[in-house]
Amino acid sequence: MRRSHYHGGGGSGMMRAADAPSAVRARGVLLLLFVAHALSASLIKTPTYDEPAHIGAGLSYLRTRDFKVNLQHPPLLKELAALPLLVTGVRWPVSAEAWAALGPLAPPAFQWQLGNAVLFANDPARVLFWSRLPLLLLTALLGWVLWAWGRAMLGPAAGLSALLLFAFDPGMLAHGALVTTDTGCAALSTLCLFALWRYLRERTPRPPARVRRGARRCPPPRSSPRCSCCRSWPCC
């Protein structure tokens with residue numbers, strides 16, 4: 001029977017062995033269950049209060065390259081939600097003349113007018129499905145990061161426990177597939193913190209660039225046990 005060994009502590013010796021096949025299958029099953037459950041729930045949900053504004057704003061950024069709508073939120077997540085709409089040919093409901101007449105900044109209420117126009121100028125169910133899908137995948141990424149971080153800190157069992165709690169969390173299942181900034185921001189922030197944690201745990205000190213350049217010019221160790229060009233770093 002194949003075993004998974006965990007080596008605690010920092011550095012390059014931390015958790016390098018592969019997980020057991022049963023743990024790999026359990027991870028995949030939990031992620032698939034979460035995606036299937038959240039997706040099936042999103043298919044029967046009408047648009048929430050924020051979704052039309054975010055959908056319309058994201059599509060406006062991609063279609064017009066102009067930032068006039070919903071400026072209180074950063075554009076990345078809205079653009080990710082609107083990217084499938086652009087690829088699948090969702091109709092943009094505003095003419096170039098009407099868009100230019102708005103001026104440099106659209107009125108606050110226009111974001112909902114634009115979102116509703118995008119929804120109902122096309123098939124609303126189709127627009128919601130494609131715009132929610134990238135956010136659902138980002139939320140699934142959050143589950144993977146929680147698994148990876150728990151595994152790195154305390155071993156495979158801890159990683160699977162974190163993923164189990166995530167996969168059946170009512171808040172994540174309810175909001176993970178919506179076109180809002182909540183779960184997307186949580187996923188990307190957690191991924192950033194995990195990457196920073198990994199870097200701080202596994203980084204290895206390197207000599208200064210001047211020393212590295214000098215070490216490449218060092219004579220063989222037998223003739224000079226200490227580098228003659230940097231005086232402060234051994235040749236070997």
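Remember, predicted model here, so these are calculated numbers, not experimental data. All residue numbers refer to positions counted from 1 along the written sequence of the respective chain. Predicted model: local features are reported for residues with pLDDT of at least 70 only, side-chain atom pairs are reported and counted for 80 or more only, and whole-chain, interface and lining totals are derived from all residues. Water and hydrogen atoms were dropped before computing side-chain values, which therefore reflect all heavy atoms in the structure.

Caption draft 1: Local environment of helix H7 (residues 156-167). Secondary structure elements are defined from DSSP: runs of H or I of at least 4 residues count as helices, runs of E of at least 2 residues count as strands, and each element is numbered from the N terminus. By this rule the span expected of a helix is its residue count minus one, scaled by 1.5 Å. Under the 1.5 Å per step criterion, the end-to-end length of H7 is 16 Å for twelve residues, consistent within 8% with the ideal 16 Å. Burial classes follow relative accessibility: with a 1.4 Å probe on protein chains only, a residue under 20% of its type's maximum area counts as buried, one over 50% as exposed, and anything between as partly exposed. Buried within H7 are the following residues: Gly159, Leu160, Leu163, Phe166 and Ala167. For H7, the angular spread of buried residues about the axis comes to 120°, placing them on one side. Turned more than 90 degrees off the buried face of H7, the exposed positions are Ala157 and Leu165. Contact criterion: two residues are considered in contact whenever any of their non-hydrogen atoms come within 4.5 Å of each other. Contact partners of the buried residues in H7: helix H1 (21-42), helix H6 (124-154) and helix H8 (170-175). Of all possible arcs, the one meant is that of the directions from the helix axis to the C-beta atoms.

Caption draft 2: Structural detail: helix H5 (residues 110-120). Along H5, the positions that sit buried rather than exposed are Phe110, Gln111, Leu114, Gly115, Val118 and Leu119. Along its buried surface, H5 packs onto helix H2 (51-64), helix H4 (96-101) and H6.

Caption draft 3: Highlighting the nonpolar core. In terms of nonpolar packing, the biggest core is built from 23 residues, with Leu114 and Val118 touching the most fellow members. Mapped by element, the contributors of at least two residues to this core are H2, helix H3 (76-87), H5 and H6. What leucine 114 contacts, discounting residues up to four positions off in sequence, is Gly56, Ala57, Ser60, Val69, Trp92, Pro93, Val94 and Trp99. We call a set of buried Ala, Val, Leu, Ile, Met, Phe, Trp, Tyr and Cys residues a nonpolar core when their side-chain atoms join them within 4.5 Å. If you look at the next biggest cluster of nonpolar residues, it comprises 21 residues, including Ala152, Phe166, Leu173 and Trp197.

Caption draft 4: Main features of the confidence of the model for the protein. pLDDT is a residue-level measure of predictor confidence that goes from 0 to 100. Averaged over all residues, the pLDDT of the protein is 85; the fraction at 70 or higher stands at 78%. Contacts from residues 1-5, a stretch scored under 50 in pLDDT, to residues over four places away or in other chains number ten contacts. The low-confidence segment residues 223-236, where pLDDT is below 50, has 24 contacts with residues more than four positions distant or belonging to other chains.

Caption draft 5: Representation of the pattern of salt bridges within the structure. In the sections that follow, a salt bridge refers to a side-chain nitrogen of Lys or Arg positioned within 4 Å of a carboxyl oxygen of Asp or Glu. Tallied over the full model, the rule gives three salt bridges. Of the charged contacts, one joins glutamate 51 and arginine 132 as a salt bridge, the two residues approaching to 2.8 Å between their closest N and O atoms. Placement of glutamate 51 in helix H2 and of arginine 132 in helix H6 is noted, with a sequence separation of 81 residues between them. Side by side, glutamate 51 and arginine 132 carry an identical accessibility label, which is buried. Across the salt bridge formed by aspartate 66 and lysine 68, the nearest N and O atoms sit 3.9 Å from each other.

Caption draft 6: Region of the structure containing the packing of H5 against H6. For helices, the axis comes from a line fit to the C-alpha atoms of the stretch in contact; other axes are also lines fit to C-alpha atoms, and the angle between any two N-to-C directions lies between 0 and 180 degrees. Taken N-terminus to C-terminus, the directions of H5 and H6 make an angle of 110°; their axes are 7 Å apart at the nearest point. The pairing of H5 with H6 is recorded here as roughly perpendicular in orientation. Here Val118, Leu119 and Phe120 of H5 lie close against H6, whose contacting residues are Pro124, Val127 and Leu128. Should an angle fall under 35 degrees it is called roughly parallel, over 145 degrees roughly antiparallel, and 65 to 115 degrees roughly perpendicular, with every other angle called oblique.

Caption draft 7: Looking closely at the packing of aromatic side chains. Only rings of Phe, Tyr and Trp enter the pairing, Trp through its six-membered ring, and a pair is recorded when the two centres are within 6.5 Å. The plane angle decides the type: under 30 degrees is stacked, over 60 is edge-to-face, the rest tilted. This model, assessed by the stated rule, comprises ten aromatic pairs. Ring plane angle 50° and centroid distance 6.0 Å describe the contact between tryptophan 144 and tryptophan 147, whose orientation is recorded as tilted. Here tryptophan 147 and tryptophan 144 lie together in helix H6, a separation of three residues that amounts to about one turn. Their ring planes at 45° and their centres at 6.0 Å tell us that tryptophan 149 and tryptophan 197 sit as a pair that is tilted. Remark: tryptophan 197 occurs in helix H9 (residues 182-202) and tryptophan 149 occurs in helix H6; sequence separation between them is 48 residues. Here tryptophan 197 falls in the buried class, since its relative accessible area comes to 18%. What links up through ring pairs into an aromatic cluster is the set Trp92, Trp99 and Phe110. Geometrically, a lysine NZ or arginine CZ counts as sitting over a ring once it is within 6 Å of the ring centre and also within 35 degrees of the ring normal. For arginine 27, the ring lying beneath its charged end belongs to tryptophan 147, and the centroid distance is 4.4 Å.

Caption draft 8: Up close: unusual backbone geometry. Located in the positive-phi region is arginine 65, a residue other than glycine, with phi close to 55°. In this structure, arginine 65 sits in the loop between H2 and H3. The exposure class assigned to arginine 65 is exposed, which follows from its relative accessible area of 70%.

Caption draft 9: Highlighting a nonpolar patch on the surface. A contiguous nonpolar patch, built from Val29, Leu33, Leu164 and Phe168 and spanning about 360 Å² of accessible area, is present on the exposed surface. Structurally, leucine 33 can be placed in helix H1. Patch membership requires over 30% relative accessible area and the absence of a salt bridge. Like charges are linked within 9 Å, and nonpolar side chains (Val, Leu, Ile, Met, Phe, Trp, Tyr) within 5 Å. Surface accessibility follows the Shrake-Rupley procedure with a 1.4 Å probe radius. Residue values consider only the protein chains on display as shielding.

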